[in-house]
Amino acid sequence: MLQVDRLDAWYDRSHVVQGLGFEVGRGEIVTLMGRNGAGKTSTLKAIMGLMGKRAGSVRFDGQEILPQPAHTRYHLGLAYVPEDRRIVPGLTVRENLRLGLIAGKERHKERERLDEIAVTFPRLAERMEQDGASLSGGEQQMLAIARALMARPRMILLDEPSEGIMPLLVHEMFELFLRLKRGGTTILLVEQNVERALQISDRACILDQGRIVHTGRAEDLLADREIQEKYCAV
């Protein structure tokens, strides 16, 4: 579904993503691993069209999207949940969710999508009229994911979804990712909880200083503590 080839990206003069190449198959969960500053978040942003300077090739479902703006990628079925969640203060949970359809083609299905979200995220269903910014950290993360799912993306990019969240909600979140996978959603994941991420992933790529230094099956990397300690320890 996603083919990344010789991808480069820059922040001003900093060459933060250097010649990356990897694929994510339809219905897979693939994790990008690496230490802080390895280039994982920058890779997601480059794929989503949020890096000002980028080069190479990113093909989504066979279509070259690297020159396309982020909203075009969104229309094609690619969604992104950033690490900082970007919950809009002053808007209720319901209103934050509606933002997920504002630029979409199916705004007329808002009620249907909200009903689906209420089933998938019972905690959010109980807080629909509450200010989104007043939710706990874990609930805000669920809201950010739910907002991205409003448009029924075919693939979702998730950046550090478990950061700062209590273990019970982390467990719920990873169970959700498995349900999304079973439902046909493809996931590219950046996650600090390496062990938990590998447990649900099909494959993983390890980044170091903006380059991929190792790829493999998730179950093999889960068993390889030496590689984890070398490239993924904070």
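Residues numbered from 1 in each chain as written. Predicted model: local features only at pLDDT ≥ 70, side-chain atom pairs only at ≥ 80, totals over all residues. Heavy atoms only, no water.

Participant: Can you walk me through the side chain of Gln 141 in this structure?
Facilitator: Structurally, the position occupied by Gln 141 is in helix α6 (residues 137–149). The class for Gln 141 is buried, based on a relative accessible area of 1%. Not counting residues up to four positions away in its chain, the partners in contact with Gln 141 are Val 81, Arg 85, Glu 160, Pro 161, Ile 165 and Met 173. (Helix = DSSP H or I, 4+ residues; strand = E, 2+ residues; numbered from the N terminus. Buried < 20%, exposed > 50% of the residue type's maximum accessible area, 1.4 Å probe, protein only. Contact = heavy atoms within 4.5 Å.)

Participant: For this particular structure, what's the right way to read the pairing of strand β10 (residues 211–217)?
Facilitator: Walk down a regular strand and you will see the side chains alternate between the two sheet faces. Looking at chain direction, strand β9 (residues 203–208) and β10 are connected through 6 bridges and run antiparallel. Its bridge partner lying in β10, Leu 207 is registered against Ile 212. Taking the residues between adjacent antiparallel strands as the criterion, β9 and β10 are bridged by 2 residues, where Gln 209 takes a positive phi near 55°. (Pairing = 2+ DSSP bridges.)

Participant: How do you make sense of the pattern of salt bridges when you look at a structure like this?
Facilitator: Pairs can form between side chains of opposite charge once their charged atoms are near each other. Summed over the entire model, instances satisfying the criterion amount to 17 salt bridges. The closest approach of N and O atoms between Asp 202 and Lys 181, which form a salt bridge, is 2.9 Å. With a gap of 21 residues between them, Asp 202 in the loop between α8 (194–200) and β9 and Lys 181 in helix α7 (residues 167–182) connect regions that are remote in the sequence. Look at Asp 202 and you get partly exposed, because its relative accessible area is 29%. Taking the relative accessible area as the measure of exposure, Lys 181 reaches 24% and is therefore partly exposed. Arg 217 serves as the salt-bridge partner of Glu 219, at 3.7 Å between the closest nitrogen and oxygen. Take Glu 219: its relative accessible area is 54%, and that puts it in the exposed class. For Arg 217, a relative accessible area of 44% corresponds to the partly exposed category. Beyond isolated ion pairs, a larger network of salt bridges with shared partners links Arg 26, Asp 61 and Arg 154. (Salt bridge = Lys/Arg side-chain N within 4 Å of Asp/Glu carboxyl O.)

Participant: It is not clear to me how the packing of aromatic side chains should be interpreted in this structure. Could you clarify?
Facilitator: To describe a pair of aromatic rings, one takes the distance between the centres and the angle between the planes. This structure, assessed with the given rule, holds 1 aromatic pair. Seen in terms of ring centroids, Phe 174 and Phe 177 are 5.4 Å apart; in terms of plane orientation they differ by 65°. Their pairing is edge-to-face. One end of the pair is Phe 174 and the other is Phe 177, both in helix α7 and 3 residues apart, which spans about a single turn. Each member of the pair, Phe 174 together with Phe 177, is buried. (Phe/Tyr/Trp six-rings, centres within 6.5 Å; stacked < 30°, edge-to-face > 60°.)

Participant: Any chance you could explain helix α3 (residues 93–102) here in plain terms?
Facilitator: Three- or four-residue spacings in an α-helix give side chains the same orientation, since the helix completes a turn every 3.6 residues. Among all positions of α3, only Val 93, Asn 96, Leu 97, Gly 100 and Leu 101 are buried. Across the axial projection of α3, the buried residues extend over an arc of 160°, all falling on one side. Packing partners of the buried residues in α3 comprise α2 (70–76), α4 (110–120), α5 (122–125) and α6. (Arc of directions from axis to C-beta.)

Participant: Please clarify how the packing of α3 against α6 should be interpreted in this entry.
Facilitator: Between two packed helices, what matters for the description is the angle formed by their axes and the separation of those axes. It is at 7 Å that the axes of α3 and α6 come closest, and there the two elements cross at 40°. Judged by the angle between their axes, α3 and α6 are oblique. In this structure, α3 crosses over α6, and the sense of that crossing is right-handed. Only Leu 143, Ala 146 and Arg 147 of α6 make contact with α3, whose side of the interface consists of Val 93, Asn 96, Leu 97, Leu 99 and Gly 100. Per-class residue counts for the contact of α3 with α6 are 5 nonpolar, 2 polar and 1 charged. (Axes fitted to C-alpha atoms, helices over the stretch in contact; angles between N-to-C directions. Parallel < 35°, antiparallel > 145°, perpendicular 65-115°, else oblique. Left-handed = near helix turned anticlockwise from the far one by under 90°. Nonpolar A, V, L, I, M, F, W, Y, C, P; charged D, E, K, R; others polar.)

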